[in-house]
Amino acid sequence: MEISHIEHIGIAVKSIEEQLPYYEGVLGLTCYNIETVEDQKVKTAFFKVGQTKIELLEPTSEESTIAKFIEKKGEGVHHIAFATNGLNEALKEMENKGVRLIDMQARKGAEGLNIAFLHPKSTGSVLTELCEHPE
Ligand code: ZN
C-alpha cells in the first residue's frame, strides 16, 4: 500500500452553518460542496486546503456516530483520511498486519470516494480512514 497524501481531515461539528464564519470569514477558505451522506446520517461540508480537504461533519440524527462522538468528546477532530490506491488490497494488507478494520470492504463515502475505516484500537486512538478515487 502506498499513501500519497492526506485526503482530508474530518471534524465533528454540531452545526456546519455556525462554523462557516470561521472557515470562510477567518481562514478565508471556500466551502465548495455540502452534501448529505444518508447511510452515515451526516451532512458534510468541504473546503480545499492545497491537496487536502477539511471535511466538516454534522450529524443529521441522534443515531449518527458523529452525534455520539460529540456527546462523548465534544466537537473537534474526528478522523484523518489518507489517500491510497487499490483500497481493497490495502485493507487485506492491513488485516494481514493485524490491524483491526471497521470496514472489511471499501464502501461509498462523500464525494463518490471509496472509503474504509480502520479501528482506533489499532491506530494509536486516531480514527483513520483510507480512501481512493474510483477509476
Ligand atoms: Zn472522511
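Residues numbered from 1 in each chain as written. Predicted model: local features only at pLDDT ≥ 70, side-chain atom pairs only at ≥ 80, totals over all residues. Heavy atoms only, no water.

(A) Fine view of the sheet that holds strand β2 (residues 31-37). Reading across from one edge, β2-β3-β4-β1-β5-β8-β7-β6 is the order of the eight strands in this open sheet, with mixed pairing throughout. The sheet is open, and its two borders are formed by β2 and β6 (107-108), each paired with just one other strand. As paired strands, β2 and strand β3 (residues 42-49) are joined by six bridges and run antiparallel to one another. Across the sheet, the residue bridging to C31 is F47, located in β3. (Pairing = 2+ DSSP bridges. Helix = DSSP H or I, 4+ residues; strand = E, 2+ residues; numbered from the N terminus.)

(B) Quick peek at the pairing of strand β7 (residues 114-118). Most of β7 is tucked away, with five of its five residues classed as buried. Here β6 pairs with β7 via two bridges, running antiparallel. Counted as the bridge partner of R107 is I115 from β7. Counted along the chain from β6 to the antiparallel partner β7, the turn is five residues long, and its residue E111 has a positive phi close to 60°. Pairing between β7 and strand β8 (residues 128-132): five bridges, direction antiparallel. Residue pairing in the sheet places N114 in a bridge with E132 of β8. (Buried < 20%, exposed > 50% of the residue type's maximum accessible area, 1.4 Å probe, protein only.)

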